[in-house]
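Structure assessment
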Amino acid sequence: LHALDVIDALLSEVSNKKAQLDPDKIPWDGIQETLCKGVFGGRVTKPADQEILDNLVCGVFTPKCFDVNFKLGESDDAPTLPEGSSKEEVFRWIESLPSQTPPTWIGLGSDAEAVREKKIAENVVEKFKVVGDSLSA
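What counts, and at which threshold
- Residues numbered from 1 in each chain as written.
- Predicted model: local features only at pLDDT ≥ 70, side-chain atom pairs only at ≥ 80, totals over all residues.
- Heavy atoms only, no water.
- Helix = DSSP H or I, 4+ residues; strand = E, 2+ residues; numbered from the N terminus.
- Buried < 20%, exposed > 50% of the residue type's maximum accessible area, 1.4 Å probe, protein only.
- Salt bridge = Lys/Arg side-chain N within 4 Å of Asp/Glu carboxyl O.
- Core = buried A, V, L, I, M, F, W, Y, C linked by side-chain atoms within 4.5 Å.

**A word on unusual backbone geometry**
A negative phi angle is the norm for most residues apart from glycine, just as the trans form is the norm for most peptide bonds. Phi at Asn69 is positive, roughly 70°, even though this residue is not glycine. Among the secondary structure elements, Asn69 is positioned in the loop between helix H3 (47-60) and helix H4 (87-96). Accessibility expressed as a relative area gives 62% for Asn69, which makes it exposed.

**Remarks on the pattern of salt bridges**
Scanning all chains against the criterion turns up two salt bridges. The shortest N-O distance in the salt bridge between Glu113 and Arg116 comes to 2.8 Å. Residue Glu113 and its partner Arg116 are both found in helix H5 (residues 112-136); the two are separated by three residues, about one turn of the helix. Taking relative accessible area as the criterion, Glu113 reaches 37% and is therefore assigned partly exposed. For Arg116, a relative accessible area of 46% translates into the label partly exposed. Where Lys118 meets Glu122, a salt bridge forms, and the shortest distance between an N and an O atom there is 4.0 Å.

**Quick notes on the nonpolar core**
Membership of the largest hydrophobic core is limited to 10 residues, which are Ile7, Ile26, Trp28, Ile31, Leu35, Cys36, Leu53, Val57, Cys65 and Phe70. Counting residues per element, the ones that place at least two in this core are helix H2 (28-39) and H3. For this core, the element with the most residues is H2, which contributes four residues.

Next up, the structure:
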């Protein structure tokens, strides 16, 4: 939660207690760095995964996210933010999203889920072999 306090402080510094902010005055670099390293990045162990996370965060947390029809990903089927900002409108938008997020929305290949399932299956088979070998010894 501390990293989100940092983001709140960054925004408070530039807002001067105004309800609306100029997107160009928001400290996007600081927000991106905090999210990539402080919030999510601490759990990332592979450089390739960190790169995907960095691309996702930097693609979403940008002045362009204030544009109408801003897509939350680079794929053609990526969602756009809801037009309204009321709690009800945002919840309706969330409920309209698919129950499973297509991997393309977060910068992964369309086959990412199949690759993941294959690796899980290979690991299960390997564990069965180890157990089988230990039982036959």
